[in-house]
Amino acid sequence: MNTILRLEHIQKYYGNQGNITKALKDISFSVEAGEFLGIMGASGSGKTTLLNCISTIDMVSAGHIFLEGTDITEIKPKSLARFRRENLGFVFQDLNLLDTLTISENIALVLAINKTPAQSVEPRILEMAQKLNIHDILNKYPYQVSGGQKQRCACARAIINNPKLLLADEPTGALDSHSAQMFLSTIQCINEQLGATILMVTHDAFTASYASRILFLKDGEIFTELRKGSENRSAFFQKILNVLTIMGGGQSHVC
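Keep in mind the model is a prediction, meaning the values are calculated, not measured. (Residues numbered from 1 in each chain as written. Predicted model: local features only at pLDDT ≥ 70, side-chain atom pairs only at ≥ 80, totals over all residues. Heavy atoms only, no water.)

Notes on the overall build of the chain
In terms of helices and strands, the chain carries eight helices and 10 strands. In summary, the chain has a C-alpha radius of gyration of 19 Å against a globular reference of 18 Å for 255 residues, a match within 12%. Judged by the C-alpha coordinates and their principal axes, the chain covers about 55 × 45 × 35 Å. Across the 255 residues in the chain, those meeting the buried criterion constitute 48%. (Helix = DSSP H or I, 4+ residues; strand = E, 2+ residues; numbered from the N terminus. Rg over C-alpha atoms; globule rule 2.2 N^0.38 Å. Buried < 20%, exposed > 50% of the residue type's maximum accessible area, 1.4 Å probe, protein only.)

With respect to the confidence of the model for the chain
Chain-level statistics for the chain give a pLDDT mean of 91 and a share of 97% at 70 or above. Under a pLDDT of 50 for its full length, residues 250-255 has, in the predicted model, 15 contacts with residues more than four places off or in other chains. (pLDDT = per-residue confidence, 0-100. Contact = heavy atoms within 4.5 Å.)

What about helix 5 (residues 147-159)?
Under the 1.5 Å per step criterion, the end-to-end length of helix 5 is 19 Å for 13 residues, consistent within 8% with the ideal 18 Å. Counting buried residues along helix 5, 11 of its 13 residues qualify, which places the element largely inside the surrounding structure. Along helix 5, the residues classified as buried are Gly148, Gln149, Gln151, Arg152, Cys153, Ala154, Cys155, Ala156, Arg157, Ala158 and Ile159. Looking at the buried residues of helix 5, the elements they touch are strand 6 (88-91), helix 3 (103-113), helix 4 (118-131), strand 7 (165-169) and helix 6 (177-194). (Expected span 1.5 Å × (residues − 1).)

Quick notes on the sheet that holds strand 2 (residues 19-32)
Taken in spatial order, the four strands of this open sheet run 2-1-4-5, and their pairing is antiparallel. Of all the strands in the sheet, just strand 2 and strand 5 (70-71) have a single pairing partner and so form its edges. In this sheet, strand 5 lies alongside strand 4 (residues 62-67) in antiparallel orientation, the contact comprising two bridges. Looking at strand 5, one finds that leucine 67 is bridged to threonine 70. Contacts from helix 1 (residues 47-54) reach strand 1 (3-16), strand 2 and strand 4 within the one sheet, and its direction differs from that of strand 2 by about 65°. (Pairing = 2+ DSSP bridges. Axes fitted to C-alpha atoms, helices over the stretch in contact; angles between N-to-C directions.)

Some details on the nonpolar core
Ranked by internal contacts, the top residues of the largest apolar core, which has 47 residues, are Ile103, Ile107, Ile134, Ile214, Phe216 and Ile240. Beyond its immediate chain neighbours, meaning those up to four positions away, isoleucine 134 contacts Ile103, Ile107, Ala129, Gln149, Arg152, Cys153 and Ala156. The next biggest cluster of nonpolar side chains, apart from the first, holds 28 residues, and it includes Ile39, Ile54, Leu80 and Leu165. (Core = buried A, V, L, I, M, F, W, Y, C linked by side-chain atoms within 4.5 Å.)

With respect to helix 3
Residues of helix 3 that are buried include every one of Ile103, Ser104, Asn106, Ile107, Ala108 and Leu111, and no others. Those residues of helix 3 hidden inside the fold are in contact with helix 4 and helix 5. Within two residues after helix 3, lysine 115 carries a phi angle of roughly 60°, on the positive side.

Quick word on the pattern of salt bridges
If you walk through the whole model with that rule in mind, you get nine salt bridges. Of the charged contacts, one joins arginine 6 and glutamate 8 as a salt bridge, the two residues approaching to 2.8 Å between their closest N and O atoms. Using a relative accessible area of 33% as the deciding quantity, one classes arginine 6 as partly exposed. Look at the salt bridges and you will find they share partners, linking Glu35, Arg213, Glu225 and Arg227 into a network. (Salt bridge = Lys/Arg side-chain N within 4 Å of Asp/Glu carboxyl O.)

A word on the packing of helix 5 against helix 6
For the pair helix 5 and helix 6, the least separation of the axes is 9 Å and the interaxial angle reads 30°. One way to sum up the angle between helix 5 and helix 6 is to call them roughly parallel. The interaxial crossing formed by helix 5 with helix 6 has right-handed handedness. Each of Gly148, Gln151, Arg152, Cys155 and Ile159 in helix 5 lies in contact with helix 6, whose residues at this interface are Ser179, Met182, Phe183, Thr186, Ile187, Ile190 and Leu194. Counted by class, the contact of helix 5 with helix 6 contains seven nonpolar, four polar and one charged residues. (Parallel < 35°, antiparallel > 145°, perpendicular 65-115°, else oblique. Left-handed = near helix turned anticlockwise from the far one by under 90°. Nonpolar A, V, L, I, M, F, W, Y, C, P; charged D, E, K, R; others polar.)

Here it is, written out as structure tokens:
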């Protein structure tokens, strides 16, 4: 399989000499093309810091991160914004749709920023909208559609530019259980049917059970990992709860 993302001995320190906090301690792993990887851990375990380093929002203190062969830790600051636009997709907890733009225009915004030729914008939007079943609401505004349709719009916007990696930070944190399940079904569809490579940070065992593999962080280090394999989601969910219990405190204490 093709390795999309590879981390080698990543370390992240905050503070200065005499008062240093080690947020990440020698993290190494890889992500294969088409994989759906979940990152779990208690508050302060380093999971969000790890996501920020991968997304180049924060820079590592030591080590290297390769995205399809490009060492992103060596990219110059002035080139980071362009790198993100061309290679990464983001799914935000609050969706970040613009109410003054139609669903179609919200999706098109990413293509416009990336200077996609005008003649190819509408066909690409229609193709993605068909795949995510939002083709009939393209001319409506976000406040005119359901929460599930908004979620699919946000996902369409995140992957319309065919990013190498889709990043999601606590994507269901602000959703009720029904909306969360609908959203996760959409994410799973993007992964399984469109072949998107996804890295998702979550504190929730139910959300994590949609991933194909989970890395558990504790005190800035990888504690263990789980792979779903051929197991059903219910069995995988129970295994996740078991690991959280072993890590200390169980599901209710992991956030």
